[in-house]
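Tertiary structure, described
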Amino acid sequence: MTFGGIDLGSTTGKAVVIIDDKIILGDIVMATPKPAVTARMAMDAALKNAGIASLQSLDYIVSTGYGRLKVEFANENISEISCHAKGAFHLMPSVRTIIDIGGQDCKAIALNDKGGTLGFEMNERCAAGTGRFFQVMAKVLGCGLEGIGAAANISPTAANISNQCSVFAESEIITLVNNDVPLPDVITGINKSVASRVSSLARRAGVAEDVVISGGCYNNEGLISALGQCLGVEIMKLPLNPQFMGALGAAVFAKEKAAAKTAAK
Amino acid sequence: MAENQPLVLEKFSRIAGSLANPSVAAFKGQGGKVVGYFCAFIPEELFIAAGLLPFRMRGTGSENTERADEYFTSWNCSFPRHCFNQALLGKFDFLDGLVVGSGCDAMRYIYDNWKQSPLKTPFLHLLNSPHVSGKAMAGYYKDELARLKSALEGRFGGKVTDQKLWDAITLCNETRALQQSIYDLRKSPTPPISGSEMVAVMVAGASLPKEEYNADLKALLAELKQRPAAGKYPARLMLVGSCGDDASMCGIVEELGAVVVTDHTCFGGRMKYKGVAQTGGDPLEAIANYQIIERPFCAKMGGAHALRAGAIIAAARDFKVDGIIGQRLGCCDAWGGEFFMLRDELKDAGIPLLVIEKEYISDSEGQLATRVQAFIETVRR
């Protein structure tokens, strides 16, 4: 049997197909102004990679992410908090803390040894500690997101970014650039600032090892390194692209839901 | 649950969805005077005994705080801000008087701002309230109530006798008992009334003459007992926090298929708590004891946490809730501190808690819905 999971996030759309026990990832699709269109593009990519000709071949589909209600072809929707937990635990049952740093939000989820959610914390209406913060800073620095991600090594002379607010931090960074502070120092300062913010959130949810990162910001090695230092733990790597954790969790839920419905008949 | 909506609920929804209402207009048409009041600890009994119609202040219908922002500091929460904005827009021009309590500083500033604004409400009174529970403070509050009583007599005429006060206490106790009876129906596995509908019931109670409201509640009770049962819900939740006159959080929960079966909010569960003891003697002392010692107060009251936490946990168990959503208005330190303490106490009691910071006018509904949905998925049966 085949199952689909789709994570329609604020910045990107991702889909996963599960054929029996085999996991097939789609592509990262940039969000379009129409969520329904993004959803179809993301799912079509996963279907193509799985060699499935038609959406109708999927037995059950679960949607998640901010656009989860806009996925017309989904059988049901489940919150991204539950889906990130489900996906990460499915791949790595030793996971007890998931930190999802997405395009416009950030969440920390604490799990028990059965994969159940013990608690979660999510950022409040603010871009601090999210991918959007990095987008704004990359624009100011003129280095692109790739430039921030490439500065993986922590500079020992990192600049101190004291503002958590994106708007004020932007002004602070402009000052640093104008004062000829070297780019690696500024980037490391940004990563440390975001790591500090995210680690507070994670501590509120409760941090226990193993700790993994999901969401698009996993690409930023400097951030992951700074976050590990803040939390005093080694951040483990998920065996599949962490940006697909929400979609994978949705697909695993789809499989479980379909099985439960079959059993109920 | 909107199907088969009893007629009384339709009326309550209309009353709760607006500020001035036909019953207020009718009361005024007969020469009656309407006095607004802000917090649950300001006793309606005193106004009723003075022949006045008490009207609980709220910011219903407010779209922004453009006018009020001129008066309030940035750390003032959004509830008084929206209420005051509505006042500046003329939405409370029907008031003949206003009583503001010094419950918390955020609310207290309404008094100062009202005085300094162009608003010309004929009677404006600041009711000082204790910030700590206990017998000594109930005595102080009794004196403050006596001061308010004299002020009302001086402004609106007529003597507020002890007998009139006891009669008002009887009337308001009947209201509380009837409200409790409706709450009790929600203990059923298939509650006949949703959390959103219950918000309208409670808000209407603070906007109508009590005799009319009590008659409506009796009719509602009869109608609810005949209402077809809704299906079972995946999760039964309780709402805890400030205000509670805005049904948006219940709406989010209930859109997601769960149901709010009880609450500990300022317009809701805390308003109908038991009743003023009718033991004879000084009625103001009985009211002060009820407000300052017996009734679980808003989180701003020091020395009352144990009473509050006990009432919350007892209600959670009584109504068999699967979890509690704590809602705190941005900048409200009182509830921020309360949830900090409740977090561990509820954990020990085995009751899951989700704390959400929100604004009076619901914003970021998508974000809120994500958290509420995840919470429901975590606690669902």
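Residues numbered from 1 in each chain as written. Chains lettered and ligands numbered in written order. Predicted model: local features only at pLDDT ≥ 70, side-chain atom pairs only at ≥ 80, totals over all residues. Heavy atoms only, no water.

1. Looking at the sheet that holds strand S7 (residues 323-329) of chain B
All names here are of chain B. The cut-off we apply is this: Pairs of strands are assigned from DSSP output, requiring at least two bridges between the strands. Secondary structure elements follow DSSP: runs of H or I of four or more residues count as helices, runs of E of two or more count as strands, with numbering from the N terminus. A fitted line through C-alpha atoms serves as each axis, taken over the contacting stretch for helices, and the angle formed by two N-to-C directions is quoted from 0 to 180°. By definition in these notes, contact holds between two residues if any of their heavy atoms fall within 4.5 Å.
Judged by pairing direction, the sheet is parallel, and its 4 strands sit side by side in the order S6-S5-S7-S8 without closing on themselves. Single-partner strands in this sheet number two, and they are strand S6 (259-264) and strand S8 (353-358). Taken over all neighbouring pairs, the strand axes of this sheet differ in orientation by 25° on average, direction set aside. Sitting on the sheet, helix H10 (residues 248-255) touches strand S5 (236-241), S6, S7 and S8, and the angle it makes with S6 is about 150°.

2. Some thoughts on the interface of chain B and chain A
Put simply, the test is: Buried area: the accessible surface (1.4 Å probe) lost by two parts on joining, summed over both. For this analysis, a salt bridge means a side-chain nitrogen from Lys or Arg found within 4 Å of a carboxyl oxygen belonging to Asp or Glu.
Counting from both sides, the interface comprises 16 residues of chain B and, opposite them, 17 residues of chain A. Counting each side, the surface lost to burial between chain B and chain A is near 1400 Å², with a carbon and sulfur contribution of 44%. It is Gln367, Thr370 and Arg371 of chain B that lose the most area in chain B upon contact with chain A, and together they represent 38% of the buried surface on that side. Taken together, chain B and chain A are joined by 1 salt bridge. Notably, a salt bridge pairs arginine 343 of chain B with glutamate 121 of chain A, separated by 3.8 Å at the nearest N-O pair.

3. Thoughts on the domain arrangement of chain A
Residue and element names in this part refer to chain A. Note the threshold: The domain limits used here are those given by an automatic or database domain assignment. Think of a polar contact as two N or O atoms within 3.5 Å of one another; within protein, one of them needs to be a possible hydrogen donor and the other a possible acceptor, and neighboring residues in sequence only count if both atoms come from side chains.
Domain assignment breaks chain A into domain 1 (1-92 + 239-265) and domain 2 (95-237). The interface is formed by 15 residues belonging to domain 1 together with 28 residues belonging to domain 2. Summed over both partners, the interface of domain 1 with domain 2 comes to about 1600 Å²; 68% of that surface belongs to carbon and sulfur atoms. On the domain 1 side of the contact with domain 2, Ile81, Phe89 and Met92 bury the most area, a combined 38% of that side's loss. At the junction of domain 1 and domain 2, the tally comes to 0 salt bridges. Applying the counting rule to domain 1 against domain 2 returns 5 residue pairs in polar contact (both at pLDDT 80 or more).

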